[in-house]
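# Chains, contacts and geometry: an overview
Residues per chain, in single letters:
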Amino acid sequence: MVALPVSIDRTSPVPLYHQLAEQLTSAITDGSLRPGDPFENEIAMSDRLGLSRPTVRRAISELVNQGLLVRRRGIGTTVANQMVHRKAELTSLYEDLAREGRAPRTEVLSLDCEAHDDRAATVLELPAGTPLVSIVRLRYADDVPLAIMRNWLPPALNDLTLEQLTTNGLYSVLRARGIRPTVARQRIGARNATAEERRTLHMSKAEPLVTMTRSAYAADGSPVEYGNHCYRADQYSVDVVVSER
């Protein structure tokens, strides 16, 4: 357990808990603390820094809420596995992982060019019963299984190959075909994993999934893909910037 050097300025207008949380966050993001490292408990940190326990507890809770720390009964607080913090912008997970310096790898679980899904057909503005291209992929980050991604595409893309989908992100493949997703409607949620999803993503029964459904459109408003993805909650979060109206 490492006692991190922390400097608290009691004359600053910045709340003490926020000063502490910022410095603890920096220690994790710059690699001073590594995933799985035990974290100093709030009593020891309070005594060492001369801060109240509620102040230290609030700072630690900030990091837990951000997914940087994990509390486990009988083990204590440890540094969480590195998470993918995905901004609310129209990029593929493959691109996000590559940008963050994590090694993305894709395993195509299925590729069906004669799939039928009425909900996906409706989103793609096609008649019910239209044969669609259905893709199910398992995405790894640094050899850790991160997400199961189910996508449906219009039948014009029925010549996609396993090699294309294994070596590139889906949006990269679409752009190479002259199809450019420019806007999307997406919904973020959470649910329990199925038994099969737990096996595929190496999860315990108690761990939840983050879910996302996305309908992407080209600049002319035509739909280009419909996706239904699920992610390990301990490895994935979405960053959203909000502002006053």
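Above this text is the structure in question.
Figured I'd write up the structure that's included with this text. (Residues numbered from 1 in each chain as written. Predicted model: local features only at pLDDT ≥ 70, side-chain atom pairs only at ≥ 80, totals over all residues. Heavy atoms only, no water.)

## Description of unusual backbone geometry
In terms of backbone geometry, most residues other than glycine have negative phi values and most peptide bonds are trans. For the record, the criterion: Each helix is a run of DSSP H or I of at least 4 residues and each strand a run of E of at least 2, with the numbering of both proceeding from the N terminus.
Phi at Glu 125 is positive, roughly 60°, even though this residue is not glycine. Within the fold, Glu 125 resides in the loop between helix 5 (118-123) and strand 5 (132-141).

## Here's the deal with the environment of Gly 67
Here Gly 67 shows up in the loop between helix 3 (53-65) and strand 1 (69-72). On a C-alpha basis, the gap between Gly 67 and Gln 235 in space is 8.2 Å, while along the polypeptide they are 168 residues apart.

## Examining the pattern of salt bridges
Rules: Salt-bridge detection follows one rule: a side-chain nitrogen of Lys or Arg within 4 Å of a carboxyl oxygen of Asp or Glu. Each residue is assigned to one of three classes by its accessible area relative to the maximum for its type, calculated with a 1.4 Å probe on protein chains only: buried under 20%, partly exposed between the two thresholds, exposed over 50%.
In total, this model carries eight salt bridges according to the counting rule given. A salt bridge links Glu 40 to Arg 48; the nearest nitrogen and oxygen atoms lie 2.8 Å apart. In this structure Arg 48 comes out as partly exposed when scored by relative accessible area, which is 36%. Among the ionic pairs, Arg 57 bridges to Glu 42, the shortest N-O distance being 2.9 Å. Remark: Glu 42 occurs in helix 2 (residues 42-49) and Arg 57 occurs in helix 3; sequence separation between them is 15 residues. For Arg 57, a relative accessible area of 35% corresponds to the partly exposed category. Several salt bridges share partner residues, and in doing so they unite Glu 42, Arg 53 and Arg 57 into one network.

## Details of the pairing of strand 5
Worth spelling out the cut-off: Two strands are counted as paired when DSSP detects at least two bridges linking them.
Within strand 5, 10 of the 10 residues are buried, leaving the element largely enclosed by the surrounding structure. Of the two faces of strand 5, both are covered, the one formed by Leu 132, Ser 134, Val 136, Leu 138 and Tyr 140 as well as the one formed by Val 133, Ile 135, Arg 137, Arg 139 and Ala 141. Of the strand pairs in this sheet, strand 4 (residues 104-115) and strand 5 are connected by nine bridges, and their pairing is antiparallel. From the neighbouring strand, Glu 107 faces strand 5, where its bridge partner is Leu 138. Bridge count for strand 5 against strand 6 (residues 144-153) is nine bridges, and the pairing is antiparallel. Note that in strand 6 the partner of Arg 139 across the bridge is Ala 147.

## Observations concerning the pairing of strand 8 (residues 208-217)
With eight of its 10 residues buried, strand 8 lies for the most part within the structure. Pairing of strand 8 with strand 9 (residues 223-232), which is carried by nine bridges, proceeds in the antiparallel orientation. From the neighbouring strand, Arg 214 faces strand 9, where its bridge partner is Gly 227. The hairpin formed by strand 8 and strand 9 contains five residues between the paired strands, and Gly 221 there has a positive phi angle of roughly 90°.

## As for the packing of aromatic side chains
We apply this condition: Aromatic pairs are defined between Phe, Tyr and Trp rings, using the six-membered ring for Trp, whenever the two ring centres lie within 6.5 Å; interplanar angles under 30 degrees are classed as stacked, those over 60 as edge-to-face, and all others as tilted. Two thresholds decide whether a charge sits over a ring: the Lys NZ or Arg CZ must be within 6 Å of the ring centre and within 35 degrees of the ring normal.
Considering all chains together, one arrives at one aromatic pair under this definition. Across from the ring centre of Tyr 17, 3.8 Å away, lies the NZ or CZ of Arg 58, which sits over that ring. Across from the ring centre of Tyr 140, 3.9 Å away, lies the NZ or CZ of Arg 105, which sits over that ring.

## Structural notes on the packing of helix 1 (residues 16-29) against helix 3
Under the convention used in this document: Note on geometry: axes are lines fitted to C-alpha atoms, helical ones only across the stretch in contact, with angles between N-to-C directions running from 0 to 180 degrees. Between 65 and 115 degrees an angle is taken as roughly perpendicular, under 35 as roughly parallel, over 145 as roughly antiparallel, and anywhere else as oblique. The crossing is said to be left-handed when, going from far helix to near helix, the turn is anticlockwise and less than a right angle, and right-handed when the turn is clockwise. We call two residues in contact whenever any of their non-hydrogen atoms come within 4.5 Å of each other. Asp, Glu, Lys and Arg are counted as charged, while Ala, Val, Leu, Ile, Met, Phe, Trp, Tyr, Cys and Pro are counted as nonpolar; the rest, among them Gly, fall into the polar class.
Interaxial distance between helix 1 and helix 3 falls to 8 Å at its minimum, and their mutual angle equals 45°. Between helix 1 and helix 3, the angle is such that the two are oblique. The hand of the helix 1/helix 3 crossing is right-handed. In this structure, helix 1 uses Leu 16, Tyr 17, Leu 20, Ala 21, Leu 24, Thr 25 and Ile 28 to contact helix 3, whose residues at the interface are Thr 55, Val 56, Arg 58, Ala 59, Glu 62 and Leu 63. Each residue belonging to the contact of helix 1 with helix 3 can be placed in one class, and the counts come to nine nonpolar, two polar and two charged.

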